[in-house]
Amino acid sequence: MDATRRDLPPGSVVRRQAGRIADVLRAETTGGALLLAGAVIALIWANSPGSPGYDAMRSFTVGPTWLHLDLSLAAWAKDGLLAIFFFVAGLELKREFVTGELRQPRRAAVPIAAAVGGVLAPAAVYVLITAAAGADALRGWAIPAATDIAFALAVLAVIGRHLPPAVRVFLLTLAVVDDLIAIMIIAVFYTATLSITPLLASALPLVAFAILLRRRVTSAWLLLPLALTAWALVHASGVHATVAGVLLALTVPARPQAQHEHTAVPTSLIERFEHTVKPVSAGLAVPVFALMSAGVAIGGLGGLVSALTDPVAIGVIAGLVIGKPLGVIAVTWLVTRLTRTGLGTNLTWTHITGLSMLAGIGFTVSLLIGELSFVDGTGRHDHVKIAILTGSLLAAVLAAVILRLSQPAHRHSTDAITRDPEQTRAGETAGTA
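How each quantity is defined
Residues numbered from 1 in each chain as written. Predicted model: local features only at pLDDT ≥ 70, side-chain atom pairs only at ≥ 80, totals over all residues. Heavy atoms only, no water. Helix = DSSP H or I, 4+ residues; strand = E, 2+ residues; numbered from the N terminus. Buried < 20%, exposed > 50% of the residue type's maximum accessible area, 1.4 Å probe, protein only. Areas by Shrake-Rupley, 256 points an atom, 1.4 Å probe, with all protein chains shown as cover. Patch = residues over 30% accessible without salt bridge, like charges linked within 9 Å, V, L, I, M, F, W, Y side chains within 5 Å. Salt bridge = Lys/Arg side-chain N within 4 Å of Asp/Glu carboxyl O. Phe/Tyr/Trp six-rings, centres within 6.5 Å; stacked < 30°, edge-to-face > 60°. Axes fitted to C-alpha atoms, helices over the stretch in contact; angles between N-to-C directions. Parallel < 35°, antiparallel > 145°, perpendicular 65-115°, else oblique. Contact = heavy atoms within 4.5 Å. Nonpolar A, V, L, I, M, F, W, Y, C, P; charged D, E, K, R; others polar.

(A) Inspection of the overall build of the chain at higher detail. Along the backbone of the chain there are 21 helices and 2 strands. The buried share of the chain, reckoned over its 433 residues, is 48%. For the chain, the accessible area works out to roughly 20,700 Å², and carbon and sulfur atoms hold 68% of it.

Here it is in structure tokens:
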């Protein structure tokens, strides 16, 4: 192997190593681990003697002033890097609607309805708990409504190795639709000021981006400047810049290209974009956002108690841990009863319960909505962060316990199916004797 590597040009070795790293970053467990690592580092740093350095890093300003893009690093992570995350989410959304599970209305009806219930119920729980805390507290109603698709799928990948494939399909569909609703909520309810001119102007690079892709032009030198221009114009309009990531993703063709002679499997541009951009999202965008946003000075046990007794924090935790499962399970039961639509192949109500808890992992999107709801540096802003971390952790632990309990029966049935036929017949003969 070493001899072969020495025979390769240096550029080939670098490309091969980069390819291996990218493959690792595409794994759901890797993305979840990096996301968690970014959050843990932020928490430790913000509560250490070096916390002034953490605050200075977050507030460090960089960017061209003449374009009004002289933003802090925290703002670049929130408005810029998360646009990459939402671009990938948009690609997954379009792929599912055009060629995936969501293209079949009957099969997609249950998880889509479950996603809607999983948005409405936690928002209602939050409002009920914070109604007496003032109008300012109600700004955070959408915080527990979001599901972190990357973190939830990473947890499922770790704990669900013996679960039926339908479990992941249900969660993916639910999380993708949940993300779409969250994006719409951000665009509609968290846009403070709206400038029509740059918003309309953003259509020009978006249309040019779409035309190039329709003609199968995939040169980064042409597409990247258009994407950045669209992002900058959406940012200037007052609409949250992450929406630009979704709009760009929706222009990418999802239908496979004509199969070539030497290509075993036809691929679409959307699959190629996912393959290319997902490592950047999982390995850079989301972990750095977690690093920039999850750091909160807890202030010891007294500070933790103070944070978790704030009605806003209670509303967020209750929304994630109680509202999410309640909404997902109730709507799933209602749709299956009214339409006589089944849960899906090998899916049980124990699986649905575990998945509903996984949907309570808000994290990335919840942190983003928390940033938009409450002014940075205020006590309530910090309390929301602590509540999101606490609620997401509780939801992940409860989901792991429930889904672990559902695995032995499925593992037994899988073993029975995959058992060697000769051994099966021998066992049946012995049993008959």
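(B) Structural view of a nonpolar patch on the surface. Where nonpolar side chains cluster on the molecular surface, the patch consists of W333, L334, L338 and W349 and spans about 440 Å² of accessible area. Relative to the elements of secondary structure, W349 occurs in helix α17 (residues 349-358).

(C) Region of interest: the pattern of salt bridges. Evaluation of the coordinates by the stated rule reveals 6 salt bridges. Across the pair R58 and E371 runs a salt bridge, and its minimum N-O distance is 4.0 Å. Taken together, the positions of R58 in helix α4 (residues 51-59) and E371 in helix α18 (residues 363-373) put the pair 313 residues apart, joining distant regions of the chain. According to the relative accessible area criterion, R58 is buried, its value standing at 11%. Between E371 and K385 there is a salt bridge, with its nearest N and O atoms 4.0 Å apart. In this pair, E371 sits in helix α18 while K385 sits in helix α19 (residues 379-405), placing the two residues 14 residues apart along the sequence. Across the pair, exposure class does not vary: E371 and K385 are buried alike. Here the residues in one salt-bridge network are R58, E371 and K385, joined through shared partners.

(D) Looking closely at the packing of aromatic side chains. Inspection of the entire model under this criterion finds 6 aromatic pairs. Taking the centre distance of 6.3 Å and the plane angle of 55° together, the rings of F87 and F273 count as tilted. Taken together, the residues F87 in helix α5 (residues 73-98) and F273 in helix α14 (residues 269-293) connect sequence positions 186 residues apart. Residue classification places F87 among the buried residues on the basis of a relative accessible area of 10%. The exposure class assigned to F273 is buried, which follows from its relative accessible area of 14%. Pairing W141 with F189 gives two aromatic rings, centres 5.2 Å apart and planes at 90°, and the pair type is edge-to-face. Here W141 is found in the loop between α7 (135-138) and α8 (149-159), whereas its partner F189 is found in helix α9 (residues 165-189), with 48 residues between them in sequence. What makes W141 partly exposed here is its relative accessible area of 22%. Exposure remark for F189: the relative accessible area of 52% places this residue in the exposed category.

(E) View of the packing of helix α3 (residues 28-46) against α4. As a packed pair, α3 and α4 sit with axes 7 Å apart at the nearest point and diverge in direction by 125°. Looking at the two axes, α3 sits oblique to α4. Residues A42, W45 and A46 of α3 lie in contact with α4, whose contacting residues are S51, G53, Y54 and M57. Among the residues forming the contact of α3 with α4, the class breakdown is 5 nonpolar, 2 polar and no charged.

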